[in-house]
Amino acid sequence: MCENSDAILLGAVGGPKWDQNPPELRPEKGLLRIRKHFDLFANLRPVKAFPSLLDASPLKREVAENVDLMIVRELTGGVYFGEPRMRTENGAIDTTVYSKAEVERIVENAFELARLRGGGKLCSVDKANVLETSRLWREVVEAKKKEYPDVIVEHNLVDSVAMKLITNPGHYDVVVTENMFGDILSDEASVITGSLGVLPSASIRGDNFGLYEPVHGSAPEIAGQGVANPAATILSVAMMLQYSFGLKEEAAEIERAVSAVFDDGYFTADLARDGSRILSTNEWTDKVINEIDTSFVSQSIMTTYI
């Protein structure tokens, strides 16, 4: 079914019922196989602070309020896929492998995003003081920046970026890095918004075919209660419209509607605060749908949604 589709919208996977399964039979393994099978090498995770959610952020308002960054994570290489991978009698082995071509394509993707977003800044994250793969990474970025003279490039070590994401996240526009570093940094950056429930993601390849999914997990402890936050999934649909279908105006309208519902004081239980109006999952989704100007949205989009 995925092979015959133009894009994939995926719900969160995993849960205690599979915890005792061997690794190859866990839902997460299936997700990794989908990414690898379709060569979805670029993971895009936008982190944008909603003004009405700033009080939910663990950071001070003045630190979080201007955050609008994109983390570009290489998704099909590195230590998660490297071989050999094994346990020995006295230890374990994991291998980090990157080819020059793998680095070049994700770096080029990040340069293009830095140009299109308008900020024109790219931070390349590595551990070049220690790792050979990181030295290769930095060399590729240096070579590629000659093709993008309008993009300002900086190289930062991953530990420095981990600190600065908390102390000065507004400094960043586009951040590009390898698989494991991107996994950790994007989860760290997610706390800036105040809730994992509002963070979408896209995993795409060169022809714009992509897999779109919320950043948050499956939260089996609240299944069936109608209290889950649907914002991340709705915003993942917006990313799908933008990146796989080229429908930028329609994507922007969905993002505007989500923000407007938050601004009107409507939240799900994970964002509850004094004076807020708490809605169920379905009620909050209906608010977003009602906010969208249906005269703006094309008939083709409405048919796809239904």
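Residues numbered from 1 in each chain as written. Predicted model: local features only at pLDDT ≥ 70, side-chain atom pairs only at ≥ 80, totals over all residues. Heavy atoms only, no water.

Details of the pattern of salt bridges
Inference 1: This model, assessed by the stated rule, comprises 20 salt bridges.
Inference 2: For arginine 115, the salt bridge goes to aspartate 150, with nearest N and O atoms at 2.9 Å. Placement of the pair is arginine 115 in helix 3 (residues 100-117) and aspartate 150 in the loop between helix 4 (132-144) and strand 7 (152-157), with a sequence separation of 35 residues.
Inference 3: By relative accessible area, arginine 115 is classed as partly exposed at 34%.
Inference 4: The class of aspartate 150 is partly exposed, set by a relative accessible area of 43%. (Salt bridge = Lys/Arg side-chain N within 4 Å of Asp/Glu carboxyl O. Helix = DSSP H or I, 4+ residues; strand = E, 2+ residues; numbered from the N terminus. Buried < 20%, exposed > 50% of the residue type's maximum accessible area, 1.4 Å probe, protein only.)

Some points on the pairing of strand 3 (residues 68-74)
Inference 1: For strand 3, the tally of buried residues reaches 6 of 7 residues, placing the bulk of the element in the interior.
Inference 2: Bridging between strand 2 (residues 42-48) and strand 3 involves 7 bridges; their strand directions are antiparallel. Bridged to leucine 44 within strand 3 is valine 72.
Inference 3: Pairing of strand 3 with strand 8 (residues 174-177) involves 4 bridges; the strand directions are parallel. Bridged to valine 72 within strand 8 is valine 176. (Pairing = 2+ DSSP bridges.)

So, the nonpolar core
Inference 1: In terms of nonpolar packing, the biggest core is built from 29 residues, with Leu44 and Val72 touching the most fellow members.
Inference 2: Mapped by element, the contributors of at least two residues to this core are strand 2, strand 3, helix 3, helix 4, strand 8, strand 9 (200-204) and helix 7 (231-243).
Inference 3: Looking at this core, the element that brings in the most residues is helix 3, giving 7 residues.
Inference 4: Dropping the residues within four chain positions of it, valine 72 is found in contact with Asn43, Leu44, Ile106, Asn109, Ala110, Leu113, Val174, Val175, Val176 and Thr177.
Inference 5: By size, the runner-up hydrophobic cluster in this structure holds 23 residues, among which are Leu199, Ile254, Val258 and Ile292. (Core = buried A, V, L, I, M, F, W, Y, C linked by side-chain atoms within 4.5 Å. Contact = heavy atoms within 4.5 Å.)

Digging into the sheet that holds strand 6 (residues 121-126)
For sheets, the rule is that strands pair by backbone hydrogen bonds, running either parallel or antiparallel.
Inference 1: Spatial strand order, 1-10-9-2-3-8-6-7: 8 strands in an open sheet with mixed pairing. A strand with exactly one partner marks an edge of an open sheet, and here the two such strands are strand 1 (8-9) and strand 7.
Inference 2: For strand 6 and strand 7, the ladder comprises 6 bridges, and the chain directions are parallel. Bridge pairing links lysine 121 to isoleucine 152 in strand 7.
Inference 3: Against the sheet, helix 6 (residues 179-190) touches strand 2, strand 3, strand 6 and strand 8, its axis set at about 155° to strand 3. (Axes fitted to C-alpha atoms, helices over the stretch in contact; angles between N-to-C directions.)

Digging into the environment of arginine 35
Inference 1: Summarising the element assignment, arginine 35 is placed in helix 1 (residues 27-37).
Inference 2: Assessed through its relative accessible area of 10%, arginine 35 is described here as buried.
Inference 3: For the pair arginine 35 and glycine 210, spaced 175 residues apart in sequence, the C-alpha separation works out to 9.2 Å.
Inference 4: Beyond its immediate chain neighbours, meaning those up to four positions away, arginine 35 contacts Leu40, Arg73, Leu75, Thr76, Ser203 and Glu213.

What about the layout of surface pockets?
A probe matching the size of a water molecule, rolled over the atoms, marks out where space remains unfilled.
Inference 1: Estimated volume of the largest pocket: approximately 860 Å³.
Inference 2: For the largest pocket, the lining is made up of 32 residues, of which Met70, Arg117, Gln242, Tyr243 and Glu255 are closest to its centre.
Inference 3: Contributing elements (two or more residues each) for the lining of the largest pocket: strand 2, strand 3, helix 3, strand 9, helix 7 and helix 8 (248-263).
Inference 4: Ranked by residue count, the leading element in the lining of the largest pocket is helix 8, at 6 residues.
Inference 5: Looking at the lining of the largest pocket, its residues break down into 18 nonpolar, 6 polar and 8 charged. (1 Å grid on protein atoms, 1.4 Å probe; cavity = no way out; pocket = protein on both sides within 12 Å on 5 of 7 lines; lining within 4 Å. Points joined across faces, edges and corners; volume = space filled by probe spheres on them. Nonpolar A, V, L, I, M, F, W, Y, C, P; charged D, E, K, R; others polar.)

What to know about the packing of helix 5 (residues 158-167) against helix 6
Inference 1: Packing of helix 5 against helix 6 brings their axes to within 10 Å, and their N-to-C directions diverge by 10°. In terms of orientation, helix 5 lies roughly parallel with respect to helix 6. Taken as a pair, helix 5 and helix 6 cross one another with a handedness that is right-handed. Residues Val158, Val161, Ala162, Leu165 and Ile166 of helix 5 pack against Phe181, Leu185, Glu188 and Ala189 of helix 6. (Parallel < 35°, antiparallel > 145°, perpendicular 65-115°, else oblique. Left-handed = near helix turned anticlockwise from the far one by under 90°.)

Quick look at the packing of aromatic side chains
Inference 1: By the definition in use, this model includes 6 aromatic pairs.
Inference 2: Centre to centre, the rings of tyrosine 98 and tryptophan 137 are 6.1 Å apart; their planes meet at 70°, and the pair counts as edge-to-face. Residue tyrosine 98 is located in the loop between strand 5 (91-93) and helix 3, and its partner tryptophan 137 is located in helix 4; the two are separated by 39 residues in the primary sequence. Accessibility assignment for this pair places tyrosine 98 and tryptophan 137 in one class, buried.
Inference 3: Taking the ring centre of phenylalanine 81 as reference, the NZ or CZ of lysine 36 above it sits at 4.7 Å. (Phe/Tyr/Trp six-rings, centres within 6.5 Å; stacked < 30°, edge-to-face > 60°. Lys NZ or Arg CZ within 6 Å of the ring centre and 35° of its normal.)

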